[in-house]
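# Results of the structural survey
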Amino acid sequence: MNFFKINFKSRFWKSSGNIALLLVFTFLPLIVNIIIAAIPSGDRKAAMAEKIVPGEVLAYCLSLIAPLFIFLLKTHGNSFKIPALKPMFIISFIVYFLSLILTLIAKNGLIAGIDLKSGHKDLYFWLSISFLLCAILLRLYTDYQDGRFSDYKQQIDKQQQNFNDLFRNSIK
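Attention in this report is confined to the structure presented alongside it. (Residues numbered from 1 in each chain as written. Predicted model: local features only at pLDDT ≥ 70, side-chain atom pairs only at ≥ 80, totals over all residues. Heavy atoms only, no water.)

Structurally, the position occupied by R139 is in helix α5 (residues 123–171). Buried charged residue R139 carries no salt bridge. Nearest counter-charge: D143, at 5.6 Å. When residues no more than four places from it in sequence are discounted, the contact partners of R139 are I19, L22, S63, L64 and P67. (Helix = DSSP H or I, 4+ residues; strand = E, 2+ residues; numbered from the N terminus. Buried < 20%, exposed > 50% of the residue type's maximum accessible area, 1.4 Å probe, protein only. Lys, Arg positive; Asp, Glu negative; His and termini not counted. Salt bridge = Lys/Arg side-chain N within 4 Å of Asp/Glu carboxyl O. Contact = heavy atoms within 4.5 Å.)

Dropping the structure here:
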């Protein structure tokens, strides 16, 4: 049990570090843009409200969820078990689909108030933020499970190599 705790902690913190680094590089243009806008105005909240566009937030959401499907394809057919695979897939698919729909609505101006302009503090803005937070959590979960899958594949490959070596030595 102690090995499980240590392995969980190290894998969790490694995954958290990977996601934090990914988020820094993903949001760096937005952060720099907000900083540049905040310098002359002096009001950080106004600069943030001016520069955060819900449509861009949805684009970040879509980019964070897309690799999750690659992970699901990579593990499909292996005897590797992912806990809560079906709920994770359903949630990620719903978030991806709704983000895509909202992006299309905003890009084409199909509904008044849902557009690619900044300054929104309505349902569109809060849906975008909640989708982004959900995408970050899904990405953290996926990165953690990907670390487990890598360990699993290494273990299986090592067992196969040991078996091959043992079999080869028994024939000689």
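Resuming the write-up.
The biggest cluster of nonpolar side chains holds 29 residues, and the ones touching the most others in it are C61 and L132. Within the residue set of this core, elements represented by two or more residues are α1 (2–41), α3 (54–75), α4 (85–108) and α5. Of all the elements, α3 adds the most residues to this core, at nine residues. (Core = buried A, V, L, I, M, F, W, Y, C linked by side-chain atoms within 4.5 Å.)

Counted under the stated rule, the structure contains two aromatic pairs. Taking 6.1 Å as the distance between ring centres and 20 degrees as the angle between the ring planes, the aromatic pair formed by F89 and F93 counts as stacked. Remark: F93 and F89 occur in helix α4; sequence separation between them is four residues, near one turn of the helix. Ring geometry for F93 and F97: centres 6.3 Å apart, planes at 10 degrees, overall stacked. Of this pair, F93 and F97 both sit in helix α4, four residues apart, which is roughly one turn of the helix. Classification of F93 by relative accessible area gives partly exposed; the value is 44%. (Phe/Tyr/Trp six-rings, centres within 6.5 Å; stacked < 30°, edge-to-face > 60°.)

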